[in-house]
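Examination of the molecular architecture
Each chain is listed here by its residues.
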Amino acid sequence: YLSPKVVDVLVRDPERLKLGGDKRDMTVLFLDIAHFTTISEKLDPEDLTNFLNRYFSALTNVILKNDGVVDKYIGDCIMAFWNAPLDVPGHRKLGCLSAIECQEAIRRLNGDIKGDGLPEIGIRIGVNSGPMVVGNMGSDTRFSYTVIGDAVNLASRLEGANKYFGSSIMVTEPVY
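Since the structure is predicted, the reported quantities are computational estimates derived from the model, not experimental observations. (Residues numbered from 1 in each chain as written. Predicted model: local features only at pLDDT ≥ 70, side-chain atom pairs only at ≥ 80, totals over all residues. Heavy atoms only, no water.)

**Remarks on the pairing of strand β2 (residues 69-74)**
Where a strand is regular, its side chains alternate between the two sheet faces. Relative to strand β3 (residues 77-82), β2 is paired through five bridges, and the arrangement is antiparallel. Bridge pairing in β3 links Val70 to Ala80. In this structure, the hairpin formed by β2 and β3 is closed by a connection of two residues, where Gly75 is found at a positive phi of approximately 60°. (Pairing = 2+ DSSP bridges. Helix = DSSP H or I, 4+ residues; strand = E, 2+ residues; numbered from the N terminus.)

Structural data, given as structure tokens:
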């Protein structure tokens, strides 16, 4: 339920299990399946679940390999970030490498699923870096370790803007 990196930090410092966060320079990535609604309409819920789990597994492995933290899965979206809870030198570069390697992983996955009767997929990715607050957000009884801020929102908007520009990866100037 939590990233291994977050668990390690909490085991070492249980006092961090409280609401609130720290402002940090970070990189965030949003990744979404193109035409997911059409795909979901063609698969029954069990097949859709299996499809998503294969997709999430392949892409999550890329993000973790590049020292990212998978924040959450939102429908068919993956939200990940770099530079918390531990310092990650070169987090902008690692976010970019993850975006490129996720595209490569999708090409391999599409080759693997051809014989399974599953649809080929494309993904759109937005990456931004800047000041964000990272920490425990939510309520007194339930919270989630996540990032918030305008820099986070912009990465999400970039992911969606790929649709209009016919691109698959968009990054901001601070990332570039």
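Now that the structure has been shown, the text picks up again.
**Quick look at the pairing of strand β1 (residues 20-33)**
Pairing between β1 and strand β4 (residues 123-138): 14 bridges, direction antiparallel. Pairing of Arg24 across the sheet is with Met132, part of β4.

**Section: the pattern of salt bridges**
Under the criterion given, the structure shown has five salt bridges. In this structure, Arg92 engages Asp25 in a salt bridge whose closest nitrogen and oxygen atoms are separated by 2.9 Å. Taken together, the positions of Arg92 in helix α4 (residues 91-113) and Asp25 in strand β1 put the pair 67 residues apart, joining distant regions of the chain. Take Arg92: its relative accessible area is 25%, and that puts it in the partly exposed class. Asp71 is paired through a salt bridge with Lys72; the nearest N and O atoms lie 3.2 Å apart. In this structure Asp71 comes out as buried when scored by relative accessible area, which is 12%. In this structure Lys72 comes out as partly exposed when scored by relative accessible area, which is 28%. (Salt bridge = Lys/Arg side-chain N within 4 Å of Asp/Glu carboxyl O. Buried < 20%, exposed > 50% of the residue type's maximum accessible area, 1.4 Å probe, protein only.)

**Focus: the packing of aromatic side chains**
Counting across every chain of the model gives three aromatic pairs. With a centroid separation of 5.0 Å and 35° between ring planes, the pair formed by Tyr55 and Phe56 is classed as tilted. Like Phe56, Tyr55 is buried. Ring plane angle 50° and centroid distance 6.1 Å describe the contact between Phe81 and Tyr145, whose orientation is recorded as tilted. One end of the pair, Phe81, is in strand β3; the other, Tyr145, is in strand β5 (residues 143-148), and 64 residues separate them in sequence. We classify Phe81 as buried; its relative accessible area is 0%. An aromatic cluster is defined as three or more aromatic residues linked by ring pairs; in this entry it consists of Tyr55, Phe56 and Tyr73. (Phe/Tyr/Trp six-rings, centres within 6.5 Å; stacked < 30°, edge-to-face > 60°.)

**Let's talk about the environment of Val127**
Inspection of the secondary structure puts Val127 in strand β4. Between the C-alpha atom of Val127 and that of Asp140, which follows or precedes it by 13 residues, the distance is 31 Å. Not counting residues within four places of it along the chain, the set of residues in contact with Val127 comprises Thr27, Val28, Leu29, Gly95, Ala99, Ala155, Leu158, Met170, Val171, Thr172 and Val175. (Contact = heavy atoms within 4.5 Å.)

**Regarding the environment of Ile33**
Tracing the backbone shows Ile33 in strand β1. Judged by its relative accessible area of 1%, Ile33 is buried.

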